[in-house]
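# Overview (structure and organization)
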Amino acid sequence: MTRTFTDEELRKIIDMLFSHFKKPWILEREFRPYLKAKGYTDEEIDEIWFQALRKGLINIGGTYVGRQREFLISKPPREEEG
């Protein structure tokens, strides 16, 4: 069964990731083991990034590391609030 995360849970997880890695983008090979160490299953990790993407909390992209294509997540730019 697919787990649904609340907006607050997703924000907390995404903020935790970017706070831990201290960079504007995170490779899947970095965030997946980190979240697994925090107790999340592979299925939950897939749902976290998918739901966060749908809610606009992250962007997804890809890059090459050596000759291998790597999936990555980044935070979308935030508009300055007046």
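Heads up: the structure comes first, above all this text.
Residues numbered from 1 in each chain as written. Predicted model: local features only at pLDDT ≥ 70, side-chain atom pairs only at ≥ 80, totals over all residues. Heavy atoms only, no water.

### Considerations on the environment of Ile48
We apply this condition: Per the convention used, a helix needs a DSSP run of H or I reaching at least four residues, while a strand needs a run of E reaching at least two, with both numbered from the N terminus. Summary of the burial criterion: residues with accessible area below 20% of their type's maximum are buried, those above 50% are exposed, and those between are partly exposed, where the area comes from a 1.4 Å probe applied to protein chains only. It only takes one pair of heavy atoms within 4.5 Å for two residues to be counted as in contact.
Among the structural elements, Ile48 can be located in helix H3 (residues 42-54). Take Ile48: its relative accessible area is 2%, and that puts it in the buried class. Each residue touching Ile48, except ones within four places of it in the same chain, is listed here: Phe5, Leu10, Ile13, Ile14, Leu35 and Tyr40.

### Side note on the sheet that holds strand S1 (residues 25-27)
Note the following rule: Two strands qualify as a pair provided DSSP detects at least 2 bridges between them. Fitted lines through C-alpha atoms give the axes, limited to the stretch in contact for helices. The angle between two N-to-C directions lies from 0 to 180 degrees.
Reading across the sheet, the three strands line up as S1-S3-S2 and stay open at both edges, with antiparallel pairing between neighbours. The strands lining the two open edges of the sheet, one partner per strand, are S1 and strand S2 (59-65). The sheet shows a mean angle of 35° between the axes of neighbouring strands, taken without regard to direction. The strands touched by helix H1 (residues 7-21) within the sheet are S1 and strand S3 (68-74), with S1 carrying the most contacts at an inclination of about 90°. Relative to the sheet, helix H2 (residues 28-37) contacts S1, S2 and S3, its axis offset from that of S1 by approximately 75°.

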